[in-house]
Amino acid sequence: MVARGRGTAYGDAAINDGGAVLATERLGRFLAFDQAGGLLTCEAGVTIRDVVEFGLPRGFFPAVTPGTWKSTVGGCFACDVHGKNHHRVGSFAQHVVAFTLLRADGSVVTCSPERDPSLFWATAGGLGLTGVILDLTIRLRRVETSAVWVRYRKLPDLDGTFAALEDDADEPYSVAWVDVLTRGRGLGRSVLMLGEHARAADLPRAWRERPLSLPPRRALRLPFAPPSGLLSARTLRWFNAIYFRRFPDHLQPALQGLRPYFYPLEAIDNFNRLYGRRGFIQYQIVLPGRTAPSTTRELLELLSANGYGSFLAVIKRLGPGNPAPMSFPLAGYTVAVDIPVRDERLFEVLRSLDERVTENGGRVYLVKDSRLDPRFVDSMYPRRREWAALLDALDPARAFSSGLARRLHLRAR
């Protein structure tokens, strides 16, 4: 079997053809909260949205949050997600104080970085293969308001994008939207979005009366998926040009709510339908700082030359990794591109990119993957065999498995 949260993984991490899938949605209770220390204990099926709506009125926000608030805290730990602030505070697992795990032999154990650290870090980023996470204690961060100061920097090319991410490394939150389809001198032009939690004194008078309120906002729902042909390179190039030009060259800091800055895709409840019936591939990689600019240039040139555009492509700076053998982040930069699936040629292009990423010391984010060749995995995750040996000791009958684990031979030794 494999546990499944809310199904926000883009690949087959929680798909188990021929096996069982354990839905954890009903593990949705809050168990304890330490107001003084900001420690929240909750079951694994609690979503990030639940945490935000519980914590914000009390002056707390997740220390690390992914780009969707639909994900469960158990899923965030099993995938060791990162946010726009990884360069400052690390990944989700680094803010987990302890968790409870149901093992294959039926025993229930409590783990922490101090108590059974090997099992703790094997589970962080372990894709649900060490057992079923039942509950977690996570450390939240204090905030004074539900607002964010956002500053935008409009950058003309890829060199400018990487230089700005380097210059603004001390900013609490940063992410760059990138135009994938621009070619020539404008290759990699971007809009860098820098964020910082606002203080109560920063708010206008009307907002200051309820500084921690989260204004209700109804998400749109697409009634059907548009024809895949609408997402042609020409259409996406037109969209990206309009999006880039809507930002002035110099923009003063502006106050935004938490939701549009951290969870912009939640404005459309079923945003995946935008990509048509064939869906999309999110290709997310991380590259060391020394190779990131040149390899990202190759990636953008190859996608642009083949007409594989995107209206959602981002670059984020990442800080050092952690002790988890299968955790995705490493010190450098992550690039994520949502690519509509139009033809089989796309998969050939991505395979050639996998080779370049591996040669340059990078890796693919496995929880976003659905098509990686297993021969690349050990180069991308050099501690995988060590992790697989621990899994065999924990679960010799291999009771826990998934489509992803079998496709990539993750448990092979």
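Residues numbered from 1 in each chain as written. Predicted model: local features only at pLDDT ≥ 70, side-chain atom pairs only at ≥ 80, totals over all residues. Heavy atoms only, no water.

Asks: I'd love a proper account of empty space enclosed by the protein, names of residues and values included.
Replies: In this approach a probe as big as a water molecule rolls over the atoms, and the regions it shows empty are the leftover space. By the definition in use, this model includes three cavities of 30 Å³ or more. Put simply, the largest cavity is a space of about 60 Å³. Taken together, Cys79, Gly125, Leu127, Met326, Ser327, Phe328, Tyr365, Leu366, Val367 and Tyr381 form the lining of the largest cavity. Taken together, the residues that form the lining of the largest cavity break down as eight nonpolar, two polar and no charged. Approximately 50 Å³ is the volume attributed to the second largest cavity. Taken together, Pro62, Ala63, Val64, Phe92, His95, Val96, Ile138, Arg139 and Leu140 make up the full set of residues lining the second largest cavity. With three residues, strand β8 (residues 132-142) is the single largest residue contributor to the lining of the second largest cavity. Across the lining of the second largest cavity, the residue classes tally to seven nonpolar, one polar and one charged. (1 Å grid on protein atoms, 1.4 Å probe; cavity = no way out; pocket = protein on both sides within 12 Å on 5 of 7 lines; lining within 4 Å. Points joined across faces, edges and corners; volume = space filled by probe spheres on them. Nonpolar A, V, L, I, M, F, W, Y, C, P; charged D, E, K, R; others polar. Helix = DSSP H or I, 4+ residues; strand = E, 2+ residues; numbered from the N terminus.)

Asks: Tell me about helix α1 (residues 48-55), and please be specific about residues and values.
Replies: Taken together, the buried positions of α1 are occupied by Ile48, Val51, Val52, Phe54 and Gly55. For α1, the elements touching its buried residues are β3 (30-34), β4 (39-43), β5 (60-62), α2 (73-78) and β8. (Buried < 20%, exposed > 50% of the residue type's maximum accessible area, 1.4 Å probe, protein only. Contact = heavy atoms within 4.5 Å.)

Asks: So what's going on with the sheet that holds strand β11 (residues 190-197)? Which residues, and what values?
Replies: Taken together, the eight strands give an open sheet; going across it, the order is β12-β9-β11-β10-β14-β15-β13-β16, and neighbouring strands pair in antiparallel fashion. Both outer strands of the open sheet, β12 (254-257) and β16 (363-364), are each paired with one neighbouring strand and no more. Examined bridge by bridge, strand β13 (residues 280-288) and strand β15 (residues 332-340) share nine bridges and lie antiparallel to one another. Looking at β15, one finds that Phe280 is bridged to Pro340. Packing against the sheet, helix α5 (residues 158-167) makes contact with β9 (147-155), β10 (173-178), β11, β14 (313-318) and β15, and its axis sits at approximately 35° to β14. (Pairing = 2+ DSSP bridges. Axes fitted to C-alpha atoms, helices over the stretch in contact; angles between N-to-C directions.)

Asks: Could you give an account of the nonpolar core, with specific residues and numbers?
Replies: Grouped together as the largest cluster of nonpolar side chains are 109 residues, with contacts concentrated most on Phe77, Phe92 and Leu410. Tallying contributions element by element places helix α10 (residues 345-359) first for this core, with six residues. In contact with Leu410, other than residues within four places in its own chain, are Leu127, Leu129, Met326, Leu366, Val377, Arg384, Trp387, Ala388, Leu404 and Ala405. Core analysis: the second largest hydrophobic core is formed by six residues, Leu181, Leu236, Phe271 and Phe280 among them. (Core = buried A, V, L, I, M, F, W, Y, C linked by side-chain atoms within 4.5 Å.)

Asks: Break down the pairing of β11 for me, citing the residues and quoting the values.
Replies: With seven of eight residues buried, β11 is to be regarded as a mostly interior element. Pairing between β9 and β11: eight bridges, direction antiparallel. Paired with Arg151 across the strands is Leu194, a residue of β11.

Asks: Tell me about unusual backbone geometry, and name the residues and values.
Replies: One non-glycine residue, Leu127, lies in positive phi territory at about 60°. Residue placement: Leu127 occurs in the loop between α4 (117-123) and β8. The phi torsion at Arg398 lies on the positive side, around 55°, for a residue other than glycine. Positionally, Arg398 belongs in the loop between α12 (384-394) and α13 (403-407). Using a relative accessible area of 40% as the deciding quantity, one classes Arg398 as partly exposed.

Asks: For the layout of surface pockets, give the residues involved together with the corresponding values.
Replies: Put simply, the second largest pocket is a space of about 150 Å³. Going through the elements one at a time, β8 and β11 are the ones with two or more residues in the lining of the second largest pocket. Of the residues belonging to the lining of the second largest pocket, the class tally is three nonpolar, one polar and five charged.

Asks: Just give me the short version of the environment of Arg185, but keep the residues and values in it.
Replies: Here Arg185 is to be found in the loop between β10 and β11. Each C-alpha atom, one on Arg185 and one on Asp157, is 6.7 Å from the other, the two residues being 28 residues apart in sequence. When sequence neighbours within four positions are dropped, the list of residues in contact with Arg185 reads Pro156 and Asp157.

Asks: For the pattern of salt bridges, give the residues involved together with the corresponding values.
Replies: Where charged atoms of side chains with opposite charge meet at close range, the side chains can pair. Throughout the structure, instances matching the rule amount to 26 salt bridges. One salt bridge in this structure joins Glu171 and Arg151, with 2.6 Å as the shortest N-O distance. Linking Glu171 in the loop between α5 and β10 with Arg151 in strand β9, this pair joins segments that are 20 residues apart in sequence. Look at Arg151 and you get partly exposed, because its relative accessible area is 28%. When the shortest N-O distance is used, the salt bridge between Arg375 and Glu355 registers 3.5 Å. Here Glu355 lies in helix α10 and Arg375 lies in the loop between β16 and α11 (377-380), a separation of 20 residues in the sequence. Of the residues examined, Glu355 reaches a relative accessible area of 34% and is grouped as partly exposed. The structure contains a network of salt bridges with shared partners spanning Asp12, Asp354, Asp369, Arg371 and Arg407. (Salt bridge = Lys/Arg side-chain N within 4 Å of Asp/Glu carboxyl O.)

Asks: Please provide a residue-by-residue account of the pairing of β4, values included.
Replies: Of all five residues making up β4, four are buried, and the element is well covered by its neighbours. Where β3 meets β4, four bridges bridge the pair, whose relative direction is antiparallel. When the bridges of β4 are listed, Asp34 appears paired with Leu39. Hairpin remark: β3 followed by β4, antiparallel, with four residues in the connecting loop; positive phi at Gly38, about 70°. Two strands pair when backbone bridges link them, and β4 and β8 are joined in this way by five bridges, in the antiparallel orientation. Looking across to β8, one finds that Cys42 is bridged to Leu136.

Limitation: the analysis is restricted to geometry and does not speak to function.
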